Amino acid sequence: MLRQAFVLCILVLGIRGDYFNDLSFLEWDQPSIFSGRNAASSSESVERDREPLSPDFQDPSPQGTEDKPVTAAPESGSTEKPSDTPVLNPKKETLVPKHPPINPLLPGGIINVDANSGGFPSFSSPFGPEFDFPPLPGLPGLDRPAGGIGIGGLFGMESGSRWWKGKNVCIEREESTDDEKDEDKQDSEEAKNKTETSTEVSSREPNFFSTSIRLSNCFETENKYECVTRINNHGVVKTFTVRYKCCYGFKRTSDGCTKQVDLKPVLQTLDDLKLDDFRGMIKSTSLDSTFESGNFTIFAPNDDAVHDYSDKLNDINTVDPARRRRAIKNALTSKDLVLSHTVDGFVELADLENEQILQSKDDQKSTIRINIYPTHTYEKMMTANCARVKRGNVLANNGIVHILDRVVLVTSESVEDIIKNNPKLSSFRKALDNTDIPKKFKPTGHYTIFAATDEAFSKLDEIQRQKILNGGGCASNILKHHIVAHTVCSSAIIGNATTHNVEGTILNMERTLEDELIFEGKAKITQTDIIGTNGVVHLIDTLIIPESGQYIGSVLKAHNYSKFQDLVQKAGLTDELNNFDNATVFVPVDAAFDNPDTKKLIEEMGTDQEKLKELVRYHVADNQVESSDMSNNMMIPTNDQGKELRVNLYSTLPLFTNVINRATINCARLIGFDEKTCGSTVHEVSQVLVPPSSNIIQIIETDKKYSTLRDLLKGTEVEKILQENNRSITFLAPSDEAFAALEEKHRTMLKENKEKANEILKNHVLSEVLCCSGVGPHTWGFNSFVPTLGDQKVEIGRLGNQIRVNRAAITSCDTMAVNGVLHTINRVLAPRKRPVTAMGGGILFFDL
């Protein structure tokens with residue numbers, strides 16, 4: 001309780017005082033209790049990390065963003081002291097890139113960006129925005145917002161300097177409004193931008209008398225400090241962004257942005273960088289005047305990259321005519337080649353987002369796709385049309401230069417067109433066209449396709465190959481395994497790397513010591529980085545058949561479900577299982593067949609194929625039922641003449657009783673789930689499933705150890721309840737030994753007084769189905785009480801390997817009945833008396 005109170009106090013302080021400036025809190029604007037604040041306190045509020053914004057914030061200037069401070073030199077004879085703000089030529093044009101949604105990372109993976117592209121499902125990762133926060137000291141790769149949540153962060157004492165409050169820091173402000181109620185205000189949804197130096201920040205006090213909800217978040221990256229505030233004011237949602245950055249021409253230092261860069265014209269910068277081949281192309285195409293009269297960002301290939309590109313063009317002369325014609329068709333003039341590496345304005349790498357598209361200057365209006373990848377050194381790798389950025393952000397006075405290790409290849413074809421027009425992919429194209437996958441591609445998407453060549457298809461068994469080509473044999477599942485809903489460039493594969501496909505399945509890639517790229521441990525990537533307008537295509541020499549594309553017989557063999565597979569073969573149902581089109585199969589693990597009762601059952605069946613078929617089909621249900629479709633007490637009809645399986649869901653976590661973490665099928669624990677095969681979904685269970693044939697009262701009547709219980713039940717209300725087949729209950733059945741342990745007077749009383757016997761027995765009937773697997777550990781302070789049909793609750797919990805119910809122990813678990821489950825206990829559950837107040841004020845409970 002003390003700990004909870006402390007945490008609550010800290011949360012309250014964090015919300016009211018903005019001490020948690022790096023977290024998002026829901027805040028209510030309200031009148032300030034400090035009505036007598038002076039001017040000093042007002043100016044102090046401006047110095048907070050989070051920029052104060054109110055719902056009536058208006059952009060004071062309609063001009064475009066300008067992040068260079070510009071001051072004129074003092075006139076001759078003037079006594080005015082020169083300003084500390086440096087004098088720079090203003091940028092002639094500023095490109096403010098749009099920011100697409102921030103993309104999450106897959107743990108241990110190469111990249112995992114937004115997969116919600118063109119109808120494919122999205123698989124979000126729990127690790128939040130990528131590259132938003134700098135690493136914590138000593139913990140590379142872990143991101144930390146500015147301000148921290150340590151002791152200093154809690155009480156407003158920053159552990160580091162606020163460089164964004166120093167010199168030569170420019171501020172960009174953006175405001176956007178999203179008001180769906182007023183269609184006339186659509187124009188206001190566009191961001192209004194203004195940039196000013198840090199010395200020009202005016203004090204803005206929040207409007208405490210406005211009824212609104214405010215959500216704020218501040219974070220720091222390598223080159224900026226940014227605060228985003230969203231305010232919902234009577235249904236009108238406004239987003240305010242305040243971004244602190246070094247002004248153009250300055251680099252960040254500990255006390256601001258005091259390091260000034262020596263800026264030269266962009267063409268001279270290319271000369272200084274020794275990019276002779278690319279610079280030579282500019283001269284030969286008479287583009288010097290173009291680059292001298294405007295502001296440009298150039299993604300310039302280094303000399304080695306230009307040489308490699310020239311060698312490949314020369315090799316075209318020695319290849320087949322069809323490839324030569326395609327190369328000539330897609331070839332660029334030297335002028336267009338230069339302009340295809342050029343975009344308007346000033347584009348710094350830190351301002352770019354993953355999957356961002358830049359428009360180049362060539363006549364074909366080609367695009368440059370930016371991708372950002374994590375690396376093993378916890379740094380960012382950036383690519384432009386899959387060409388790796390070797391060096392970035394070389395500033396010029398009229399542009400920026402980024403150096404690439406490859407010539408940027410442009411295309412006007414989509415990934416679908418690439419597959420359609422590539423003669424090596426005729427089989428892949430045919431199989432793709434016979435599925436519904438092409439409908440899911442969007443022109444604005446970003447896809448990676450690992451396309452199997454015709455040679456790869458020739459390796460398949462002819463029957464399987466024909467099925468896949470014609471859209472059968474789970475062709476859709478197989479092809480989806482090769483499609484990723486984000487861009488994966490080959491240069492991002494360093495050592496071992498992983499990503500996920502559109503089905504959410506993890507894909508493995510590897511770069512060997514021989515610099516070969518391997519896909520899924522089997523396929524060699526024979527051609528990389530065929531760039532399309534909506535993604536990239538890689539060619540592989542082997543078609544990967546995932547489990548979702550294999551028949552269930554192959555999956556059983558691969559996962560060593562040998563004993564269930566033997567049972568299927570003895571029943572003669574191998575073909576029936578392999579031909580499933582839409583089914584669910586509950587597969588027992590091999591250890592389940594070692595259960596003595598299961599051994600006895602199968603031995604009794606012997607070679608009776610009909611009985612074996614019934615047993616196998618009881619593990620099979622029509623329609624694919626995934627774990628997310630299951631609910632407590634759900635009954636699933638099986639292929640064994642409609643006999644049902646009972647699903648139960650439990651929470652066994654003492655502190656989180658509302659979190660479902662365990663499931664059972666006929667009280668057999670679900671230990672593996674949602675494995676996909678061709679035509680079916682497979683769940684792994686801990687026991688062989690046997691259909692119950694009796695209700696609870698019938699089980700008691702046929703078992704010798706319940707003779708005393710049988711006599712007591714006769715003529716009682718509980719007897720009627722236990723024979724009702726439409727019930728879902730649990731009966732805790734005391735054995736004869738349990739009744740023998742009672743005192744003689746108590747046994748006599750129960751036998752002679754049916755009303756008293758009925759009262760006692762009702763406390764043995766739980767109002768829900770409780771399997772032994774659903775019982776959580778007995779934890780001090782977190783006891784589980786389960787209601788009975790009587791006026792009492794029983795305390796139940798697991799102590800080691802033993803399950804206790806009050807003072808009794810369950811000696812035999814999970815005897816399934818058509819109306820629930822029966823457990824044998826070694827002690828009669830005596831009703832608890834009402835609590836009695838003890839001396840000192842405590843409460844005592846007494847059992848009979």
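Just so it is clear, the model here is predicted, and its values are computed rather than measured.

Caption draft 1: Structural view of the overall build of the chain. Counting secondary structure elements, the chain contains 25 helices and 40 strands. Within the chain, the proportion of its 848 residues that are buried is 47%. Of the contacts formed within the chain by residues at least 6 apart in sequence, a portion of 63% connects residues at least 24 apart. Accessible surface, the chain as shown: approximately 42600 Å² in total, 50% of it carbon and sulfur.

Caption draft 2: Here's a closer look at the pairing of strand S35 (residues 793-799). As paired strands, strand S34 (residues 784-787) and S35 are joined by 4 bridges and run antiparallel to one another. From the neighbouring strand, Pro 787 faces S35, where its bridge partner is Lys 793. Remark: 5 residues form the turn of the hairpin made by S34 and S35, two consecutive strands paired antiparallel. Pairing of S35 with strand S36 (residues 802-805), which is carried by 4 bridges, proceeds in the antiparallel orientation. Pairing of Arg 798 across the sheet is with Ile 803, part of S36. In this antiparallel pair of consecutive strands, S35 and S36, the connection spans 2 residues, and Gly 800 shows a positive phi of 65°.

Caption draft 3: Quick peek at the sheet that holds strand S13 (residues 356-359). One open sheet accounts for 7 strands, arranged S12-S11-S17-S16-S15-S14-S13; its pairing is mixed. Every other strand in the sheet has two partners, leaving strand S12 (342-344) and S13 as the edge strands with one partner each. The mean inter-strand angle of the sheet, taken between neighbouring strand axes irrespective of direction, is 30°. Here 4 bridges tie S13 to strand S14 (residues 367-374), and the two strands are oriented antiparallel to one another.

Caption draft 4: A look at the state of the cysteines. Under the defined criterion, the tally for this structure stands at 7 disulfides. Each sulfur in the disulfide pair Cys 218 and Cys 227 lies 2.1 Å from the other. Across the S-S bond linking Cys 218 and Cys 227, the dihedral sits near 110°, which makes this disulfide right-handed.

Caption draft 5: Representation of the side chain of Thr 584. On the secondary structure map, Thr 584 appears in strand S25 (residues 583-588). The class of Thr 584 is buried, set by a relative accessible area of 0%. Side-chain polar atoms of Thr 584 contact the backbone oxygen of Asn 623, separated by 2.7 Å. If sequence neighbours within four positions are ignored, Thr 584 has contacts with His 619, Val 620, Ala 621, Asn 623, Gln 624, Val 625, Thr 681 and His 683.

Caption draft 6: Up close: the packing of aromatic side chains. Enumeration over the complete set of coordinates arrives at 7 aromatic pairs. Seen from their ring centres, Phe 441 and Tyr 447 are 4.9 Å apart, and the 85° between their planes marks the pair as edge-to-face. Put simply, the rings of Trp 163, Trp 164, Tyr 225 and Tyr 244 pair up and form one aromatic cluster.

Caption draft 7: Inspection of the environment of His 481 at higher detail. On the secondary structure map, His 481 appears in the loop between helix H14 (475-480) and strand S19 (483-484). There is a polar contact of 2.9 Å between the side chain of His 481 and the side chain of Glu 520.

Caption draft 8: Broad picture of the pairing of S25. Within S25, 6 of the 6 residues are buried, leaving the element largely enclosed by the surrounding structure. What you see with S25 is no split at all: Ala 583, Val 585 and Val 587 on one side and Thr 584, Phe 586 and Pro 588 on the other are buried throughout. Here S25 pairs with strand S26 (residues 620-622) via 3 bridges, running antiparallel. In the sheet register, Val 585 faces S26, and the bridge partner there is Val 620.

Caption draft 9: Focus on the packing of helix H24 (residues 744-752) against helix H25 (residues 754-762). At a minimum axis separation of 5 Å, H24 and H25 run at an interaxial angle of 105°. Taken together, the axis directions place H24 and H25 in an arrangement best described as roughly perpendicular. Note on element contacts: H25 touches H24 through Lys 754, Lys 756, Ala 757 and Ile 760, opposite Met 749, Leu 750 and Glu 752. Here the residues of the contact of H24 with H25 sort into 4 nonpolar, no polar and 3 charged.

Caption draft 10: Broad picture of the pattern of salt bridges. One pass over the structure, following the stated rule, counts 27 salt bridges. Salt-bridge contacts for Arg 406 lead to Asp 529; the nearest nitrogen and oxygen are separated by 3.0 Å. Note that Arg 406 is positioned in the loop between strand S17 (399-404) and helix H10 (415-421) and Asp 529 in strand S23 (residues 523-532), a separation of 123 residues in sequence. For Asp 529, a relative accessible area of 5% corresponds to the buried category. The shortest N-O distance in the salt bridge between Arg 465 and Glu 462 comes to 3.1 Å. Of this pair, Arg 465 and Glu 462 are both found in helix H13 (residues 462-469), 3 residues apart, which corresponds to roughly one turn of the helix. One continuous salt-bridge network, built from bridges that share partners, spans Glu 172, Glu 174, Lys 224, Glu 226, Arg 243, Lys 245 and Asp 351.

Caption draft 11: Molecular detail of the nonpolar core. Of all hydrophobic cores here, the largest spans 42 residues; its most connected members are Phe 428, Ile 449, Phe 457, Ile 468, Phe 519, Val 537 and Leu 543. Excluding its chain neighbours within four sequence positions, the residues that come into contact with Ile 468 are Ala 431, Phe 457, Leu 460, Ala 475, Ile 478, Leu 543 and Ile 545. Core analysis: the next-biggest nonpolar cluster, separate from the first, contains 24 residues, Ile 697, Leu 722, Leu 750 and Val 828 among them.

Caption draft 12: Structural detail: H25. All buried positions along H25 are accounted for by Ala 757, Asn 758, Ile 760, Leu 761 and Lys 762. Its side-chain oxygen at 3.2 Å from the backbone nitrogen of Glu 755, Asn 753 defines the N-terminal cap of H25.

Caption draft 13: Examining empty space enclosed by the protein more closely. Summed over the entire model, instances satisfying the criterion amount to 5 cavities of 30 Å³ or more. Quantified by volume, the second largest cavity comes out at close to 60 Å³. For the second largest cavity, the full set of lining residues is Ile 357, Thr 367, Arg 369, Asn 385, Leu 409, Val 410, Thr 411, Ile 531, Gly 532 and Thr 533. Listed by contribution, the elements that provide at least two residues to the lining of the second largest cavity are S14 and S23. When its residues are assigned to classes, the lining of the second largest cavity shows 4 nonpolar, 5 polar and 1 charged.

Caption draft 14: Geometry of the side chain of Asp 541. Here Asp 541 shows up in the loop between strand S24 (535-540) and helix H15 (552-558). Within polar-contact distance, the side chain of Asp 541 engages the backbone nitrogen of Lys 524 at 2.8 Å. With residues up to four places along the chain from it excluded, the contact list for Asp 541 reads Thr 453, Ala 456, Lys 459, Ala 523, Lys 524 and Thr 526.

Caption draft 15: Highlighting the sheet that holds strand S28 (residues 644-650). Taken in spatial order, the 7 strands of this open sheet run S26-S25-S31-S30-S29-S28-S27, and their pairing is mixed. Both edges of this open sheet fall to S26 and strand S27 (634-637), since each of them pairs with a single strand only. In this sheet, neighbouring strand axes are inclined to one another by 35° on average, regardless of whether the strands run parallel or antiparallel. Here S25 runs beside strand S31 (residues 680-685); their pairing, made up of 6 bridges, is parallel. Its bridge partner being in S31, Val 585 is matched across the sheet by Val 682.

Caption draft 16: Focus on the environment of Leu 732. Topologically, Leu 732 is positioned in strand S32 (residues 729-734). On the basis of relative accessibility, which here comes to 0%, the residue Leu 732 falls in the buried class. Sequence separation of Leu 732 and Thr 824 is 92 residues, and the distance between their C-alpha atoms is 5.9 Å. Among residues more than four places away in sequence, those in contact with Leu 732 are His 764, Leu 766, Val 805, His 823, Ile 825 and Leu 829.

Caption draft 17: Expanded view of the packing of helix H16 (residues 562-570) against helix H19 (residues 609-617). Viewed as axis vectors pointing N to C, H16 and H19 meet at an angle of 135°, and their least axial separation amounts to 8 Å. The angle between H16 and H19 places the two elements in the oblique class. You can see that H16 and H19 cross each other, and the crossing is left-handed. Packed against H16, whose contacting residues are Phe 564, Leu 567, Val 568 and Lys 570, the element H19 presents Gln 609, Leu 612, Leu 615 and Val 616 at the interface. Per-class residue counts for the contact of H16 with H19 are 6 nonpolar, 1 polar and 1 charged.

The rules behind each value
Residues numbered from 1 in each chain as written. Predicted model: local features only at pLDDT ≥ 70, side-chain atom pairs only at ≥ 80, totals over all residues. Heavy atoms only, no water. Helix = DSSP H or I, 4+ residues; strand = E, 2+ residues; numbered from the N terminus. Buried < 20%, exposed > 50% of the residue type's maximum accessible area, 1.4 Å probe, protein only. Contact = heavy atoms within 4.5 Å. Areas by Shrake-Rupley, 256 points an atom, 1.4 Å probe, with all protein chains shown as cover. Pairing = 2+ DSSP bridges. Axes fitted to C-alpha atoms, helices over the stretch in contact; angles between N-to-C directions. Disulfide = S-S within 2.5 Å. Polar contact = N/O pair within 3.5 Å; in protein donor to acceptor, adjacent residues only side chain to side chain. Phe/Tyr/Trp six-rings, centres within 6.5 Å; stacked < 30°, edge-to-face > 60°. Parallel < 35°, antiparallel > 145°, perpendicular 65-115°, else oblique. Nonpolar A, V, L, I, M, F, W, Y, C, P; charged D, E, K, R; others polar. Salt bridge = Lys/Arg side-chain N within 4 Å of Asp/Glu carboxyl O. Core = buried A, V, L, I, M, F, W, Y, C linked by side-chain atoms within 4.5 Å. 1 Å grid on protein atoms, 1.4 Å probe; cavity = no way out; pocket = protein on both sides within 12 Å on 5 of 7 lines; lining within 4 Å. Points joined across faces, edges and corners; volume = space filled by probe spheres on them. Left-handed = near helix turned anticlockwise from the far one by under 90°.

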